[in-house]
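Understanding the architecture of this molecule
Residues per chain are reported as follows:
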Amino acid sequence: MWLQFFVFFALVWYIQRWLQMKSWNHFKGFGSLTSLPIIGHSYKLNTPFIVERVEELCLRFGSIFRLDIGPFPTVIMSDFDEMREMLRSDAFNGRHFHKLLPWRDVKGVDDYGNLAGVASSSGAAWKEQRRFMQMQLGDLGLRKTDKLVTIIGEEANKMTDIIERSLNNQEVMDFSRFFLPITNNIIWRLLTGKATNIEDPEVKQLSLAVGKVFSTMTPSSKLNIVQMNSSFFYKMCKWVGAENVIDASTPILNMIAEETKAYHSDPKGNYIERNLAEIQAQDGDSHHISHGARGMLHMRGTIFDLFLAGTDTTATLLEWILLYLADRPDLQEKLYSELKDKEQPVTTEDKMDTPLTVAVIEETLRMCPMGSGFGLPHMVTEDTHLAGHFFPKGTHIFPFVKLVHRNPKYFEEPDRFLPERFIDKETGEFKSNKYVVTFSAGKRRCPGEQLARTESYVFLAALIKKFTFHPPQGGKISFDYNTGLALYPKYAKLQVSMR
Ligand code: HEM
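Around the ligand sit 25 residues, and of these Ala 309, Gly 310, Ser 440, Cys 446 and Gly 448 come closest. Of all the elements in the fold, those that place two or more residues in the shell around the ligand are helix 13 (292-326) and helix 17 (449-466). The biggest single contributor to the shell around the ligand is helix 13, with 7 residues.

Structure follows, in C-alpha cells:
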C-alpha cells in the first residue's frame, strides 16, 4: 500500500516536473525525461576528467546543447560568436544564485529578494552595486596605476622574502595555494587601506577558507550540487558531520561583519567608509538599494564577492605560470633578459619593453582559463532568441571557453604552450588576440581584470628576477588538474634556486 502510494506520488511529481521543463525540449543534448530532481543531468559528468567530458559532449551535440546542472534547465555554449552575442545581450545577464536556498541563508537576501553583493545578484540591484563598486575601486587604486603598483610591489617583495627564507631549509617548494594570502592581502589593502601580516596563521587560515569556498562552489563538485540545491541535504550533511561546502564562508562573512563595524562614513575614505557614506546619503530614499540595513547587507556581500573572486583566481593563475615556466627553462632565460635591468617593482610602462613576459601571462590565461572548470553561469531573465534558438526565461547558461581557446581556427597548435604566438613577428611587440576570453565579455565582464593583470605581471617579474624554477628531482612537470570554479594544478611542487 505504502509502496503504491510512493510510486504514484513520485510519478505525479515527475510528470509535473517534465511539464515544467518541456519548454527546453527543443535543445539538442539531454532531454527533460532524463533530468533528475536536484541534480538534473549532472550524473552525466561522473568523471574526474570533467573538462574532457564536456568537450566530448560539445563535439557530439554541437555548440549549443542542453545539460542540466542541478535542477535548472541548462545550456552549454562553446562557439565564440554565439558566446559573445550571448554575453553582450541584456536578456542573458542574470544569475540564478537567489534560487539556492542554503546560499540565501548564508549570504543573505534583501527585502526585495535580491541576494547580497554583485557577483550573485541580477537586475537593478546588480547594476547599481556594480556601478558603485567599479567607481570606488577605480578611485582607490584600479585607475591609479602608480598606487596599485606600489601596493602590489610591496606584496611581491614580501613574497620573494618568504621564498628566499624557505630556501635556507629546502630546495623544493610546494606552490599549491601558496599565493592565496598574498592576493587576498592586496584586495584587503584596496578595501581597508590596511596591510595584514601574510604569515600570520589566522590570515593564512582565512585566505585558505576563501580558496576553499571558491574551489568547492562549483558544478563540477557533486557534493556542492546536492547541498546547494537542497536545504534538506545541506542540513543532513551538517547533521551527520559530512563536509559542508558553504561552511567555509561563515568565518569570512563574520570577519567582514566585524571589520565593517570599525569604520565611520567618509566619502573620501577607504572602500568601507565610502560605502557607509553612500548608505547615509540614501537615508531619505527608502527604495534605494543602498538604503539602511539593505545597504549594509549589500556592502558586506560585495566585499565577500571581491574576496572570493579576487583571491583564488589570480593565485591559481600564478601557480600555472610557474608550472609552465618550469617546463621551459629557455623561456625563463628569455624573460630574465627582458627584465633584469628593470627596477623592482616593474611598472605598467615596462610592459612595452617586456612583451614576452606579458605574453606568458596571456598564454597561461588561454591554456588554463577559469571557465574551463565552469566559470560563473549566467541566467536568462526574459524569453529571448539567439543563434536560431528560443531561450526561455530561467535558462541557465554555461559558457565553455576551452573550445574557443583550443580552436585551431583561432590558434595554431592550440594545445601547446607557446607564448611566442602573441608576439608580432614584424614589430616584436605584444599582440593580443580577441579569441582569448578568460575574463568574459559584455556587461558582466570581470571587473578585476586590470588588477589581475597588474598583479600577475609584477609578481612574475619579481619571481623571474630572483629565482629559477625546475621540476623536482629532475622529473617532469605534471599538468594534471583538480576542478573547482577554476582548474587547479594537482601537483605544484617545484625545485627553486636563487639566481
Ligand atoms: C586571473 C584572474 C581572474 C579571472 C580569470 C577572472 C575571471 C572572471 C570571470 C570569467 C567572471 C565571470 C564573468 C561573467 O559572468 O561573464 C568574473 C567575475 C567577477 N570577477 Fe573576476 N577574474 C579574475 C580576477 C578577479 C579579481 C582580481 C577581482 C577583484 C577585483 C575579480 C572580481 C570579479 C567580480 C566582482 C566578478 C563578478 C562580476 C559580476 O557578476 O558583475 N576578479 N571574473
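Moving on, we come to helix 5 (residues 123-142). For helix 5, with 20 residues, the first-to-last C-alpha span of 25 Å runs short of the 28 Å given by 1.5 Å per residue. All of the buried residues along helix 5 are Ala 125, Trp 126, Gln 129, Phe 132, Met 133, Gln 136, Leu 137, Gly 141 and Leu 142. Against helix 6 (145-166), helix 7 (180-192), helix 12 (271-281), helix 13 and helix 17 lie the buried residues of helix 5.

In terms of strand pairing, strand 3 (residues 172-174) meets strand 11 (residues 493-498) through 3 bridges, oriented antiparallel. Looking at the pairing, Asp 174 lines up with Lys 493 of strand 11. Here strand 8 (residues 467-470) runs beside strand 11; their pairing, made up of 4 bridges, is antiparallel. Residue Thr 468 lies in a different strand from strand 11, and its bridge partner there is Ser 497.

Note on strand geometry: in a regular strand, side chains alternate between the two faces of the sheet. Residues His 396 and Phe 398 of strand 7 (residues 396-399) are buried on one face, and the alternating residues Ile 397 and Pro 399, pointing to the opposite face, are buried as well. By the bridge criterion, 4 bridges tie strand 2 (residues 74-77) to strand 7 in an arrangement that is parallel. By the bridge assignment, Met 77 is partnered in strand 7 with Pro 399. Here strand 4 (residues 378-379) pairs with strand 7 via 2 bridges, running antiparallel. Across the sheet, the residue bridging to His 378 is Ile 397, located in strand 7.

The rules behind these values
- All residue numbers refer to position in the chain's written sequence, counted from 1.
- A pLDDT threshold of at least 70 governs which residues receive local features in this predicted model, and a stricter bar of 80 or more applies before side-chain atom pairs are shown or counted, although totals over entire chains, interfaces and linings include all residues.
- Using the backbone to place each C-beta atom, any residue with that atom within 6 Å of a molecule or strand is considered near it.
- Per the convention used, a helix needs a DSSP run of H or I reaching at least four residues, while a strand needs a run of E reaching at least two, with both numbered from the N terminus.
- Expected helix span is computed as 1.5 Å times (number of residues minus one).
- Exposure in this text rests on C-beta crowding, where 20 or more other C-beta atoms within 10 Å of a residue's own make it buried, 12 or fewer make it exposed, and counts in between make it partly exposed. The C-beta atoms are placed from the backbone.
- A pair of residues counts as a contact when their C-beta atoms, built from backbone coordinates, are separated by no more than 7 Å.
- DSSP bridges decide pairing: two strands pair if at least two such bridges lie between them.

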